[in-house]
Amino acid sequence: MLSRAKNPFFDHAEAEYFVAERNGAVAGRIAAIANRLHNEFHADRVGFFGFFETEDDQPVADALLDAAAAWLRGKGLDTMRGPASFSTNDESGVLVDGFDTPPVLMMPHNPPYYLTLLTRAGFARAKDLLVYQHGDSSGRTPPVPERLTRASELLCQRLGITLRPLRMKDFAAEVERVKVLYNKARERNWGFVPMTDREIDHLAAQFKPVVVPDLVPFVEKDGEVIGFALALPDLNTFFRNNRSGRMFPAILKILWALKTHRVHRCRITLLGVLPEYRGKGIDAVLYHWIWTRGGAIGYGWGEAGWILEDNAAMNAGLVKMGFTVYKTYRLLDRPL
């Protein structure tokens, strides 16, 4: 991920990495990130910091943040935003609420003191990111509300849409469909950065071994894909017990657990609908699919998010379906 030669993020971005040491021991780390694609898309001069880890020591945090700020300033940027590792398409935000539960796949975690250190260093809230949960992680699937089932059936009939799972035998073509949908569906969102074809291909190659087709529904109308959702098994359940960090034999245990339906938690990572079909309830139809199909193979708990705090439609829709906010992450800004 950090390799400038292997990660396609660096086709349109630069980064510098800093480590803080005290008496020969590492006390913290940070990455300074200049994302040309973000600046072109938003017509701004925002730089980012990410991969931020530090001891509870203000001078260490200040030294790391100042080093990143100086590098970003040298790139002609006027605002420092983060944490984002590397962008809002990756792990984003500092955890400000929900410390009592572990993070799921591809979500960050940090001690409570991180926000204090960043605030003292002159950072202010730019946007809060809300994360929802629903269900039971023991494997017992909560019953699907009858009103959600009825509404999904009626919407499918009224709009003339059908749903289907990811076709693994047609994986390359499915990825091409996701490329179009992903960038069109999120283009108006605050902080959104389009993913390049190479970035999506890179991500898809990583997901392919662990993706569960029934957790990746596509919505079609007249033979054309107009929406999709991606839910991933929460592999952190296994990674947390793999303290050595070695991929073998851990990966074999993970693949076996997926095959035998021993993973009971998932994260709804992405959900996108073409702009002309928004506001018609298609997001609820996608959630209903994941709830019912996932529940049938043992997924009883799900995380949805993150959702921007001011995305009223998405937040209201999740609450209506019985989801509750259980974590809040925050992106912060500081003038350079």
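Here, every reference points to the structure presented above.
Reading the values: the criteria
- Residues numbered from 1 in each chain as written.
- Predicted model: local features only at pLDDT ≥ 70, side-chain atom pairs only at ≥ 80, totals over all residues.
- Heavy atoms only, no water.
- Phe/Tyr/Trp six-rings, centres within 6.5 Å; stacked < 30°, edge-to-face > 60°.
- Helix = DSSP H or I, 4+ residues; strand = E, 2+ residues; numbered from the N terminus.
- Buried < 20%, exposed > 50% of the residue type's maximum accessible area, 1.4 Å probe, protein only.
- Salt bridge = Lys/Arg side-chain N within 4 Å of Asp/Glu carboxyl O.

Colleague: When you look at the packing of aromatic side chains in this model, what are you seeing that I'm missing?
Modeller: How two aromatic rings sit relative to each other is given by the distance of their centres and the angle of their planes. Overall, the coordinates contain 13 aromatic pairs when judged by the stated rule. Here Phe10 and Phe86 contribute two aromatic rings whose centre-to-centre distance is 5.3 Å and whose plane-to-plane angle is 80°, an arrangement assigned as edge-to-face. With a gap of 76 residues between them, Phe10 in the segment before β1 (13-22) and Phe86 in the loop between β5 (84-85) and β6 (91-92) connect regions that are remote in the sequence. Under the relative-accessibility criterion, Phe10 is labelled buried at 13%. Consider the rings of Phe51 and Phe86, whose centres lie 4.9 Å apart with planes at 65°: the pair is edge-to-face.

Colleague: I'm lost on the pattern of salt bridges in this one. Help?
Modeller: Oppositely charged side chains are able to pair whenever their charged atoms sit close together. As enumerated under the stated definition, the model contains 23 salt bridges in all. A salt bridge links Asp128 to Arg330; the nearest nitrogen and oxygen atoms lie 2.6 Å apart. Here Asp128 is found in strand β8 (residues 124-135), whereas its partner Arg330 is found in strand β14 (residues 324-335), with 202 residues between them in sequence. Judged by its relative accessible area of 19%, Arg330 falls in the buried class. Close ionic contact of Arg267 with Glu303 constitutes a salt bridge, the shortest N to O distance being 3.6 Å. One end of the pair, Arg267, is in strand β12 (residues 265-273); the other, Glu303, is in strand β13 (residues 301-308), and 36 residues separate them in sequence. With relative accessibility at 6%, the residue Arg267 sits in the buried group. Three or more residues joined by partner-sharing salt bridges are found here, namely Arg164, Asp170, Glu174, Arg177 and Glu220.

By themselves, these figures tell us nothing about what the structure is for.
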